[in-house]
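# Coordinate inspection notes
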Amino acid sequence: MRAIPPGYVRTYGDLSPGAPRFAGAVLARLADPAVPWHRVVRADGSLAKGARQRALLCAEGVPFRGARVDMRAARLESWLGP
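Moving on, we get to the overall build of the chain. Looking only at helices and strands, the chain has four helices and four strands in total. Secondary structure of the chain in N-to-C order comes out as β-α-α-β-α-β-β-α. On C-alpha atoms alone, the chain measures out to a radius of gyration of 12 Å, which is about the 12 Å that the 2.2 N^0.38 rule sets for 82 residues. Based on the C-alpha atoms only, the size of the chain along its principal axes is roughly 30 × 25 × 20 Å. In the chain, which comprises 82 residues, the proportion classed as buried is 35%. Put simply, 55% of the contacts in the chain that link residues at least 6 apart link residues at least 24 apart. With the model as given, the accessible surface of the chain reaches about 5,100 Å², and the carbon-plus-sulfur share is 57%. The positive charge centre, built from 13 side chains, and the negative charge centre, built from 6, are 5 Å apart in the chain.

The next thing to look at is the pattern of salt bridges. The full count for this structure, using the stated rule, is six salt bridges. Residue Asp14 is joined to Arg75 by a salt bridge in which the shortest nitrogen-to-oxygen separation is 2.5 Å. With Asp14 in helix α1 (residues 12-15) and Arg75 in the segment after α4 (71-74), this residue pair connects regions lying 61 residues apart in the sequence. What makes Asp14 buried here is its relative accessible area of 12%. On the basis of relative accessible area, Arg75 is assigned to the partly exposed category, the value being 23%.

Calculation rules
Counting restarts for each chain: residues are numbered from 1 in the order of the written sequence. Owing to the predicted nature of the model, reporting of local features is limited to residues with pLDDT of at least 70; listing and counting of side-chain atom pairs is limited to 80 or more, with chain, interface and lining totals taken over all residues. For the side-chain quantities, the full set of heavy atoms in the structure was used; hydrogens and water were omitted. To qualify as a helix, a DSSP run of H or I must reach at least 4 residues; to qualify as a strand, a run of E must reach at least 2; elements of each kind are numbered from the N terminus. The atom set for the radius of gyration is the C-alpha atoms, and the globule formula is 2.2 Å times the number of residues raised to the power 0.38. Note on exposure labels: buried denotes an accessible area under 20% of the residue type's maximum, exposed denotes more than 50%, and partly exposed covers the range between, all computed with a 1.4 Å probe on protein chains only. By definition in these notes, contact holds between two residues if any of their heavy atoms fall within 4.5 Å. Exposure was quantified through the Shrake-Rupley algorithm and a 1.4 Å probe, taking into account, for residues, occlusion by the shown protein chains and nothing else. Think of it this way: Lys and Arg go in the positive column, Asp and Glu in the negative one, and His and the chain ends go nowhere. To locate a charge, take NZ of a lysine, CZ of an arginine, CG of an aspartate or CD of a glutamate. By convention in these notes, a salt bridge is any Lys or Arg side-chain nitrogen within 4 Å of a carboxyl oxygen on Asp or Glu.

Interpretation in functional terms is not warranted from these geometric data alone.
Printed below as a string of structure tokens:
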């Protein structure tokens, strides 16, 4: 997560291929303010943490299409694949 630069996002599945819910469970319990948790979104671009997450992403310039992150523009491609 710390490798995701400002202005980009990754999905839970990018962080934990085959077990995206595990990544979500870890993030839900995360208490370290230095970790950019807000840069991790659902595969469809929707946000797990709603308005708070959107405000942080908007402040970094992440583009949205309605209520979802514009994944074509903001998703950081994985070294393992899209």
